[in-house]
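# Survey of secondary and tertiary structure
So you can see what is in the structure, the chains are spelled out below.
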Amino acid sequence: MVQFHEQIISELIEEPPNGSGLVILSSGLSLPKLISSLLLLHSPSQGSLLLLSPASPHLKSQILHHHSPHARISDISAELPAHQRHSLYSSGSVFFVTPRILIVDLLTSKIPASAIAGLLILTAHSLSETSTEAFIVRIFRSLNRSAYVRAFSDKPHSMVSGFAKAERIMKCLGIRKLHLWPRFHVYVSQELEEEAPEVVDIRVPMTRHMVAIQKAILEVMDACLKEMRKTNKVDVEDLTVENGLFKSFDEIVRRQLDPIWHTLGKKTKQLVSDLKTLRKLLDYLVRYDAVTYLKYLDTLRVSESHRSVWIFAESSYKIFEFAKKRVYRFVASDGSKLNAPAKTSTSKKRKGKGAADDNENEKVGSSTNVSIVLDEVLEEAPKWKVLREVLEEIEEERQKQALSREELVESDEDGSGIVLVACKDERSCIQLEECITNGPRKVMQEEWENYLLNKVQLRDLQTRYKRKPKQPKGFGILDGVIPVAPAQNAEPSSINKQEHEALVAAASEIKNRLKKDDVGVDPQPADSSQGGGRAKRNVTNKKETPANRKSHENKDNKSNKKAALDGSSLENEGKTDEVDPVAVGGFSEAKGPGASKDKVDPQRHVKAAEATGSGSASKPIPPVHFYALESGQPILDILMPSVIIVYHPDMTFVREIEVQKAENPSKKLKVYFLFYDDSTEVQKFEASIRRENGAFESLIRQKSMMMIPVDQDGHCLGLNSSVEEQGTSSQNSVTRKAGGRRDVEKEMQVIVDMREFMSSLPNVLHQKGMRIIPVTLEVGDYILSPLICVERKSIQDLFMSFTSGRLYHQVEMMVRYYRIPVLLIEFSQDKSFSFQSAGDIGDDVTPNNIISKLSLLVLHFPRLRIIWSRSLHATAEIFASLKANQDEPDEAKAMRVGVPSEEGIIDDDVRAENYNTSAVEFLRRLPGVTDSNYRAIMDGCKSLAELALLPVERLAELMGGQKAARTLREFLDAKYPTLL
């Protein structure tokens, strides 16, 4: 345990009156270790300690990993029955509990509040006044004033994203003290820099094409930002290229534009999306190889070519051109320029060469022969070579040390034989492992062949459903021959067409070759390309293919992952939540005792690397373990590496390395940083440090001016104190009404479905003074009175409910059981109060339009009422007005509605108890039967069979007229037409 963690804990515990506080740490300063250390100080005599489960599973798993294995932390969830939860709350242990089940237990008094020592909130930066956590603290404080509430956050930038956010969070949690621990804190910096690890900063120069692509992307991004500034809708200070490198830039822009989103034009909306795409392009340029990058650009060209703004910017064509030049180029066999099409020739054939074709070109007629040769470039990432050199250098140093002193065995036992390579994501880990094992040239060749084979698959998919003409065009492409159109049809785009056909021809040649080589093997593109080599040396590759495939048989798992992470799916890789937290190279998720098993796995990498080598380089390399930063595993504590190579620099991981070294000062640690020189990678890393420091400086200023209201006992009053005092003073000021006596107000009750506690509306209703009764409802979400039932839908949920058909069933049930069924459509307060922009609403009624669907729903259920709410607080006001002059709802009755009893009869369903519901629906659709007479018919006869036998006179009595009776009688007596 580091000393500054001890200092944080001692400050927190000694804080009067009960040890509550908000702790904000720098990112990477081991928040899970701090919390696990705090849990060790808890004793059962104090009472139970509840940790609100964080949304991120990584934080929870790391706390469990660092926590003592003797003191197990259990989970309290909805699966446990109420009596079992009650006994756990009273046991005095430490528990993870979900916010939804905790608030329900607090409202239903199933939790002994006096037996709870305190609450720990692990992600304070995600809180707001309307969040469930604030609701829990407010109820909990009212039941137990002596318990403590401690909140933690390691995202300082998120704590300054709104106006006085830290102060508002402290008020809604009832916390008085703010503890700030930035990286530049005296205690932190002294301890981390006292035994700092040895650092080697390696600046890798980017290739000429990479520099050109980066420059072009930055130019396009700057142009998009200038266009955005012209709209005068966004704060100009935030619109900088440096801010555009971070994900939070999208949130900043959307936060400003969301309230007026429906008034924006299509161009402005597209600019927001384009800036996100350009940021991904910058990130992927330094993260992925040249072929994968080109593949991603191809998907963008198809998906965004018509609507995007950035593609039509002045420098955008350079991005595509230089990305192609990194992978392949076209040269003419006679040395002429390809962009100058020959005008004299009338009939030519050009041979699309897949670099393996060295046959002579064929001449057609008397024209001169010109052919296109596809020349592979396959530019390797500059970091690959540097990584290999660093690993070889590490092994050389170790061998020298082993010769100088015979203590190699002891050092291996200490775990110093492991080298950790940290990458951004799993795909990079897989690819780097293959580079070290098989050599970078082979990896690029595999990616290139996958790219070409995908081209063939796409072409086959496009032509499969087309009508075949009598004389098929493109005859002979599969054999590598490309017929050229006559000269009068030649346009500037014809060269691009010829290049595309040359690519398809090269791909088809590879496909045909692999079919010949792999007889009896399933010819899937991802697998069959494993053993492919460069097309210019296809003779040697035919010999190498079976051997290579054998060497890859033990890596089926890995190749399947690689095939799944195709370039076309890269758009989702920017989101860390969507990537599976499975580390690459045999490292499984370790929790506690499983750590010893993981230390054996890295040896496998060494054997593979030493056996195959990388072509000419035959120097040995040390044991290597690859780690994906997105997986969020406590890898440093599990492996205890002696050398760490930070392949993709990340500020959080750098701090974790510093803390690890401070905890183990006697252990030697060497860290290599691989940066692309003069790249956005460096700029982003430095900007993230500046941004965090700026956030802490802002928090320090806020802390000096912060005003937290407290009562006489020193307890924080919270957010609603000023509102309540204002209400009492305004009542007492009216002294002419019975001497200023305050009217006794009736407490309003609202029955709320359990599932609704995922939203913030119950919290806001409770703030308004309503009593919340949580039960499981079969019909509706909120019961306001015995007559009024409300089904609440957010905008996203409304669209999904219409698509699935669930909303129709929900409204049908409400109409059946309640006199006033209400559909509440609730908008977000910080977003536009509009379904669609005015330009998106068409003139015609279409079944896919949301307005058309709502219209049909209202026509089908005339009694349905629709309420449009601007925000949560507006909804609370609407509920209060709807409940005026209404009786309070009955909890027991609301729970029984729609629930079948043991006899199969649905409780409180009048029609179901006395009548056959389907028969009633059938009766109401018969000619002559109306809403005014169908009940009299039901009282006059017991079944439809009896109705069919009634005479006209009796029908006239029941239906209230001869005309209606004759209409029904004629319908019943009409002969059914036969088909004979």
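Presented here is an overview of the structure given in this document. (Residues numbered from 1 in each chain as written. Predicted model: local features only at pLDDT ≥ 70, side-chain atom pairs only at ≥ 80, totals over all residues. Heavy atoms only, no water.)

### Quick notes on the nonpolar core
If you look at the biggest cluster of nonpolar residues, it comprises 90 residues, and the most contacted ones within it are Trp310, Trp448 and Ile645. With 10 residues, helix α9 (residues 208-230) is the largest single contributor of residues to this core. Excluding residues that lie within four positions of it along the chain, Trp310 makes contacts with Val220, Cys224, Asp274, Thr277, Leu278, Leu281, Leu300, Glu304, Ser316, Ile319 and Phe320. Among the nonpolar cores identified, the runner-up in size contains 60 residues, and Val97, Ala124, Cys172 and Met706 belong to it. (Core = buried A, V, L, I, M, F, W, Y, C linked by side-chain atoms within 4.5 Å. Buried < 20%, exposed > 50% of the residue type's maximum accessible area, 1.4 Å probe, protein only. Helix = DSSP H or I, 4+ residues; strand = E, 2+ residues; numbered from the N terminus. Contact = heavy atoms within 4.5 Å.)

### Some points on the pairing of strand β2 (residues 48-52)
Counting buried positions along β2 gives 5 out of 5 residues, so the element sits mostly inside the fold. Because side chains alternate across β2, one face comprises the buried residues Ser48, Leu50 and Leu52, and the other comprises Leu49 and Leu51, equally buried. As defined by bridge partners, β2 adjoins strand β5 (residues 116-121) across 5 bridges and the pair is classed as parallel. Its bridge partner being in β5, Leu49 is matched across the sheet by Gly118. One ladder, built from 4 bridges, connects β2 with strand β4 (residues 94-97); its direction is parallel. Each residue of the ladder has a partner; that of Leu52, found in β4, is Val97. (Pairing = 2+ DSSP bridges.)

### Observations concerning the sheet that holds strand β6 (residues 148-153)
Spatial strand order, β3-β4-β2-β5-β6-β1-β7: 7 strands in an open sheet with parallel pairing. Taken across any chain shown, the strands that pair with only one partner, and hence form the sheet edges, are β3 (74-76) and β7 (178-181). Shown here is a sheet whose adjacent strand axes are inclined to one another by a mean of 25 degrees, direction ignored. Against the sheet, helix α26 (residues 680-705) engages β1 (21-25) and β7, with an angle of about 150 degrees to β7. (Axes fitted to C-alpha atoms, helices over the stretch in contact; angles between N-to-C directions.)

### Side note on helix α13 (residues 316-325)
Listed in full, the buried residues belonging to α13 are Ser316, Ile319, Phe320, Phe322 and Ala323. Summarising the contacts, the buried residues of α13 are in contact with α9 and α12 (290-304).

### With respect to the packing of aromatic side chains
Across all of its chains, the model carries 13 aromatic pairs by this definition. Geometrically, the ring pair formed by Trp310 and Phe320 is stacked, given 6.0 Å between the ring centres and 10 degrees between the ring planes. Remark: Phe320 occurs in helix α13 and Trp310 occurs in the loop between α12 and α13; sequence separation between them is 10 residues. Look at Trp310 and you get buried, because its relative accessible area is 0%. Through pairs of rings, three or more aromatic residues link up here, namely Tyr284, Tyr288 and Tyr296. One cation-aromatic arrangement involves Arg203 over Phe675; the distance from NZ or CZ to the ring centre is 4.9 Å. Here the basic side chain of Lys383 rests over the ring of Tyr647, its NZ or CZ set 5.0 Å away from the ring centre. (Phe/Tyr/Trp six-rings, centres within 6.5 Å; stacked < 30°, edge-to-face > 60°. Lys NZ or Arg CZ within 6 Å of the ring centre and 35° of its normal.)

Read these as geometric descriptors, not functional statements.
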